[in-house]
Amino acid sequence: MFYEAKRNDHGLQFDPFKSCVVPRPIGWISTLSREGIPNLAPYSQFQNLTFDPPYVMFAANQKTDGSRKDSVVNAEQCGEFVYNMATYDLREAVNNSSQEVPPEVDEFELAGVTKIPSKIVKPFRVEASPIQFECRYHQTLRLPGNGVMGTVDVVIGEVLGVHIKDEFIMPDGKLDILKMRPIGRLGYYDYTSIESIFEMAIPGPNEDVRSGMEGRR
Ligand SMILES: Cc1cc2nc3c(=O)[nH]c(=O)nc-3n(C[C@H](O)[C@H](O)[C@H](O)COP(=O)(O)O)c2cc1C
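Between Val 22 and Pro 23 the backbone carries a cis peptide bond, its omega angle lying at -10°. Positive phi is not limited to glycine here, since Asn 8 has a value of about 55°. Tracing the backbone shows Asn 8 in the segment before strand 1 (24-25). For Asn 8, a relative accessible area of 35% puts it in the partly exposed group. One non-glycine residue with positive phi stands out, namely Tyr 188, at about 50°. Tracing the sequence through the fold places Tyr 188 in the loop between strand 11 (183-185) and strand 12 (191-193).

Printed below as a string of C-alpha cells:
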C-alpha cells in the first residue's frame, strides 16, 4: 500500500505511522521546574545523535491544551535534564509517569520510584534505572505541525555524565543489555523488550571502521 502522509488516507483501522519506525528507545526524562518540583516523563521520540561529545534528543509534542510540555519548559529554564533508561522491570512506573498532570506534581512520587541526586546537574535520577545520562540543555528545534498537538519541540542536550550500574557491566567490559532488558515502543499500545542479541561485524579490511563500530579503545 501507499498513502500520502498529508492526506493520512491509509484506510486502516489504526494509524500505522508510529509502527513504521520501531522499536523506538524510550528516554525517561527527568527535569526540575523553576520552583524546584521534580518532573519525570517518557519520550519514545528519543535518540542519541552523536558521541564525541555525546548529544541526545527528545521530541515533545504539545499538550492537549496546546501548551508546551513540562519537560521542555523545565529543560530550557533549568538548562539541564537527565535521561534514565526505561526497562521491563520499570514499565508500570514509566507508564504512570506519562500522565498529563500539573507541573506542581512530583512525578517521581506519581510513578512510585525513588529519586537520587545527580553528580553534575540539578535534576534527579531514577535510582532503579540501570543507566542515566546527566545532560546540559543545548538547543530546541521547533517544528511546525497540524492541529493543537502537532507542533513538536525537539530538545537537544549534551551528555555530561554517564551512570552505569556496576552489576550490568560484564567481565569482558561490555554492558549486559539482556540483564537490563530495555523496553521500546512499537506504536499502538505495544512495546517490546530486548530478549535476544545477535552479533555482526562490518565486512572489509578497514580495522579502524570495525573497532570504531565495536567501541574498542
Ligand atoms: C512510552 C511512552 C512514550 C511517549 N513518548 C512521547 C514522545 O515521544 N513525545 C511526546 O510528546 N509524548 C510522549 N509520550 C507522552 C508523554 O509522556 C506525556 O505527554 C507526559 O505527560 C509528558 O509529561 P511532561 O509534560 O511532564 O513533560 C509518551 C508516553 C509514553 C507512555
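One finds Ile 29, Val 56, Phe 58, Phe 81, Tyr 83 and Phe 133 to be the most contacted residues of the largest nonpolar core, which totals 19 residues. Elements supplying a minimum of two residues to this core: strand 3 (38-43), strand 5 (54-61), helix 1 (70-78), strand 6 (80-85), strand 9 (131-143) and strand 10 (152-164). Beyond its immediate stretch of four places on either side in the chain, Ile 29 contacts Asn 39, Leu 40, Ala 41, Tyr 43, Phe 46, Phe 58, Phe 81, Val 82 and Tyr 83. Counting residues in hydrophobic clusters, the runner-up holds twelve residues, among them Trp 28, Ala 86, Leu 90 and Val 126.

What follows concerns the site of the ligand. With respect to spatial proximity, 21 residues lie near the ligand, and among them Tyr 43, Gln 45, Asn 61, Lys 69 and Ser 71 are the closest. Note that an oxygen atom of the ligand is positioned 2.9 Å from one of the backbone N or O atoms of Pro 42. In the model, an oxygen atom of the ligand is placed 2.8 Å from a nitrogen or oxygen of the Asn 61 main chain. For the ligand, whose unbound accessible area comes to 650 Å², protein coverage reaches 88%. The set of elements that each furnish at least two residues to the shell around the ligand consists of strand 3, strand 5 and helix 1. Counting residues per element, the shell around the ligand draws most heavily on strand 3, which supplies four residues. Residue composition of the shell around the ligand, grouped by class: seven nonpolar, eight polar and six charged.

Below, the discussion takes up the side chain of Glu 134. Within the fold, Glu 134 resides in strand 9. Although Glu 134 is buried, it forms no salt bridge, and the closest oppositely charged side chain is Arg 125 at an N-O distance of 4.2 Å. Within the structure, Glu 134 has its side chain in polar contact with the side chain of His 163 (distance 2.6 Å). When near neighbours in sequence (up to four residues on either side) are disregarded, Glu 134 contacts Phe 81, Val 82, Ser 118, Lys 119, Ile 120, Val 121, Arg 125, Glu 158, Val 159, Leu 160, Gly 161 and His 163.

Its location among the elements puts Lys 115 in strand 7 (residues 115-116). Sequence-wise, Lys 115 and Glu 80 are 35 residues apart; in three dimensions their C-alpha atoms are separated by 16 Å. Within the structure, the side chain of Lys 115 is placed 2.9 Å from the side chain of Asp 106, a separation counted as a polar contact.

The geometry of an aromatic ring pair comes down to the distance between the two centres and the angle between the two planes. Inspection of every chain in the model, using the stated rule, returns six aromatic pairs. Ring plane angle 55° and centroid distance 4.9 Å describe the contact between Tyr 83 and Phe 133, whose orientation is recorded as tilted. You can see Tyr 83 sitting in strand 6 and its partner Phe 133 sitting in strand 9, a full 50 residues away along the chain. The exposure classification of Tyr 83 matches that of Phe 133, with both residues buried. On the numbers, 6.4 Å between centres and 75° between planes, the contact of Phe 108 with Phe 124 is edge-to-face.

Reading the values: rules and limits
- Residues numbered from 1 in each chain as written.
- Predicted model: local features only at pLDDT ≥ 70, side-chain atom pairs only at ≥ 80, totals over all residues.
- Heavy atoms only, no water.
- Helix = DSSP H or I, 4+ residues; strand = E, 2+ residues; numbered from the N terminus.
- Buried < 20%, exposed > 50% of the residue type's maximum accessible area, 1.4 Å probe, protein only.
- Core = buried A, V, L, I, M, F, W, Y, C linked by side-chain atoms within 4.5 Å.
- Contact = heavy atoms within 4.5 Å.
- Near = heavy atom within 4 Å.
- Polar contact = N/O pair within 3.5 Å; in protein donor to acceptor, adjacent residues only side chain to side chain.
- Areas by Shrake-Rupley, 256 points an atom, 1.4 Å probe, with all protein chains shown as cover.
- Nonpolar A, V, L, I, M, F, W, Y, C, P; charged D, E, K, R; others polar.
- Lys, Arg positive; Asp, Glu negative; His and termini not counted.
- Salt bridge = Lys/Arg side-chain N within 4 Å of Asp/Glu carboxyl O.
- Phe/Tyr/Trp six-rings, centres within 6.5 Å; stacked < 30°, edge-to-face > 60°.

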